[in-house]
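Spelled out from the first residue to the last, the chains are:
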Amino acid sequence: MTAKIISGAEIAREIREELKREVAILGEKHGVVPGLVTILVGENPASVSYVTAKQQAAKALGFYSLQVNEPETISEENLEELVNTYNRNSLIHGILVQLPLPSHINESAVLHAVDPRKDVDGFHPVNVGKLMIGEADFIPCTPAGIQQLLLRTGIETDGAEVVVVGRSNIVGKPIANILLQKGKGANATVTVCHTRTRNLAEHTKRADILIVAAGKPKAITADMVREGAVVIDVGVNRIGVSESGKAKLCGDVDFERVKEKAGAITPVPGGVGPMTITMLMMNTVKAAKIAAGIKP
Ligand code: GUN
C-alpha cells in the first residue's frame, strides 16, 4: 500500500480563505479587527522563522499585527511587564510569546502572565483546565491543527485506537486530551507513550492513528506501524542546510519507508506545520469575537 499524503499546506490554505472572509465580515459588520502581538526574545533561527511566518499570515488575513523583538538579556520581570502592557491594550486580542525562552527566564511564569482571554496559544492553566473538562476556548495550535487535519480528511476518530508518542505540554498532552473528549473529531481511545515507555513498538503497532511528537528524527520506522494506519508526524528536525541556504527538515517518522505501509501520512514539511500557524489565526479571530461579545 502507498499512503495517501495528507497535505497540511492545502488544508491550511482552505481554512485561511475561510478566515479571510470571516475577518472581512467582522470588520464590515462589527468594526472589529483581530489584533495579534508576537513577542520574540533573542534570535534563535527557528523561532525567528516561525514568528515571521505568523506575522505574514496575520497580515495576509487583514489582522492588526505587531512584532516585538526583545534581546536575549531581557529580565523575567520586564518580559512580564511587556505582556501586561498587551493584556491592557484593547486593540490586541491575542498574545503569543514564542518559546523556548532563554534559560534565565521562568517560562511558566511568563505564560501565566498572559490574560487567559488573550491566550491564543492555549498554554495558560485556565485554558489547559478548560480543555481537560471539555469547555475549551483556546486549544493549543499544533494539536488543534492535527484535529482539523483528521476532520477535513474524513478520518474517523470515533472509537479509534490513537497512540501518541510524546508527552509535551505543547503537543502530546493536549492532543491526547482533545481526542478523548466527547464529540466530533474525538471519542478516541488514547494511549500516550513517552521516553520511559517499555516496548514502544508494541503500542505503536496497535494504532489506527499514530501521532508522533517525539522530537527525534526517524524515531518511528516501518516495522513499528500497522498496515493501513494513519500517521501524523509532528516532528520538525533540522538536519542541515540546502544549497539555497534554507534549513533541510525531516520528521520523527521514516517517511519514505512508512508511506509504503501506512494508509495516510503527513509529510514534513507541508503537513502539520502550516496547520499550527493557521490555528493561531483561528484562535485570534475567536478571541476578537469573544471580546466583542459576538458568538464565536
Ligand atoms: N514554540 C514551538 N511551538 C510553539 C507554539 O505553539 N507556541 C509558542 N508560543 N512557541 C512555540
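Located above this text is the structure these notes cover.
Bear in mind that the values here come from a model prediction, so they are computed numbers and not experimental data.

Caption draft 1: Quick look at empty space enclosed by the protein. This structure, assessed with the given rule, holds one cavity of 30 Å³ or more. Estimated volume of the largest cavity: approximately 40 Å³. If you go around the largest cavity, the residues you meet are Ile95, Leu96, Val97, Leu111, Val114, Asp119, Asp121 and Phe123. The element that contributes the greatest number of residues to the lining of the largest cavity is strand E4 (residues 94–97), accounting for three residues.

Caption draft 2: Looking closely at a nonpolar patch on the surface. Judged by side-chain polarity, Val33, Tyr64 and Leu91 come together as a nonpolar surface patch covering roughly 250 Å² of accessible area. Considering the arrangement of structural elements, one finds Tyr64 in strand E3 (residues 64–70). Accessibility expressed as a relative area gives 31% for Tyr64, which makes it partly exposed.

Caption draft 3: Geometry of unusual backbone geometry. Along the chain, Leu99 connects to Pro100 via a cis peptide bond; the corresponding omega equals 0°. Within the secondary structure layout, Pro100 lies in the loop between E4 and helix H4 (107–113). Pro269 follows Val268 through a cis peptide bond whose omega is 0°. Tracing the chain through its elements places Pro269 in the loop between strand E11 (264–265) and helix H10 (272–291). If you check the backbone angles, Asn187 has positive phi at about 60° while not being a glycine. On the secondary structure map, Asn187 appears in the loop between helix H7 (172–180) and strand E6 (189–193). You can call Asn187 partly exposed: its relative accessible area is 27%.

Caption draft 4: The arrangement of the site of the ligand in detail. Near the ligand you find Leu96, Val97, Gln98, Leu99, Asp121 and Phe123, and these make up its full shell. With respect to the ligand, the backbone of Val97 contributes an N or O atom lying 2.8 Å from a nitrogen atom. One nitrogen or oxygen atom from the main chain of Leu99 is found 3.0 Å from a nitrogen atom belonging to the ligand. For the ligand, whose accessible area on its own is 280 Å², the fraction buried by protein is 84%. Its residues assigned to classes, the shell around the ligand shows four nonpolar, one polar and one charged.

Caption draft 5: The arrangement of the pairing of strand E8 (residues 230–233) in detail. Here E8 shows no split at all, with Val230 and Ile232 on one side and Val231 and Asp233 on the other all buried. The pairing of strand E7 (residues 209–212) with E8 spans four bridges and is classified as parallel. Considered in E8, the bridge of Leu210 is made with Val231. Here E8 pairs with E11 via two bridges, running parallel. Within E11, the position partnered with Val230 by the bridge is Ala264.

Caption draft 6: A look at the layout of surface pockets. The space that makes up the second largest pocket amounts to roughly 530 Å³. Lining the second largest pocket are 24 residues, with Ala136, Asp137, Ile139, Gln147 and Lys286 positioned closest to its centre. Looking at the lining of the second largest pocket, the elements that each hand over two or more residues are helix H1 (8–30), helix H6 (141–152) and H10. The element that contributes the greatest number of residues to the lining of the second largest pocket is H10, accounting for six residues. Grouping the amino acids of the lining of the second largest pocket by side-chain chemistry returns eleven nonpolar, six polar and seven charged.

Caption draft 7: Seen up close, the nonpolar core. The biggest cluster of nonpolar side chains holds 48 residues, and the ones touching the most others in it are Ile146, Ile211, Ile232 and Met281. Counting only elements with at least two residues in this core, the list comes to H1, helix H2 (45–60), H6, strand E5 (161–165), H7, E7, E8 and H10. It is H10 that provides the largest number of residues to this core, a total of nine residues. Ile39, Ile74, Val83 and Phe123 belong to the second-largest nonpolar core, a separate cluster that totals 20 residues.

Caption draft 8: Molecular detail of the side chain of Asn237. Looking at where Asn237 falls in the secondary structure, it is placed in strand E9 (residues 237–241). The exposure class assigned to Asn237 is buried, which follows from its relative accessible area of 11%. A distance of 3.0 Å separates a polar atom in the side chain of Asn237 from the backbone oxygen of Gly251. Dropping the residues within four chain positions of it, Asn237 is found in contact with Gly215, Lys216, Pro217, Lys248, Leu249, Cys250, Gly251 and Asp252.

Definitions and limits used
- Residues numbered from 1 in each chain as written.
- Predicted model: local features only at pLDDT ≥ 70, side-chain atom pairs only at ≥ 80, totals over all residues.
- Heavy atoms only, no water.
- 1 Å grid on protein atoms, 1.4 Å probe; cavity = no way out; pocket = protein on both sides within 12 Å on 5 of 7 lines; lining within 4 Å.
- Points joined across faces, edges and corners; volume = space filled by probe spheres on them.
- Helix = DSSP H or I, 4+ residues; strand = E, 2+ residues; numbered from the N terminus.
- Patch = residues over 30% accessible without salt bridge, like charges linked within 9 Å, V, L, I, M, F, W, Y side chains within 5 Å.
- Areas by Shrake-Rupley, 256 points an atom, 1.4 Å probe, with all protein chains shown as cover.
- Salt bridge = Lys/Arg side-chain N within 4 Å of Asp/Glu carboxyl O.
- Buried < 20%, exposed > 50% of the residue type's maximum accessible area, 1.4 Å probe, protein only.
- Near = heavy atom within 4 Å.
- Polar contact = N/O pair within 3.5 Å; in protein donor to acceptor, adjacent residues only side chain to side chain.
- Nonpolar A, V, L, I, M, F, W, Y, C, P; charged D, E, K, R; others polar.
- Pairing = 2+ DSSP bridges.
- Core = buried A, V, L, I, M, F, W, Y, C linked by side-chain atoms within 4.5 Å.
- Contact = heavy atoms within 4.5 Å.

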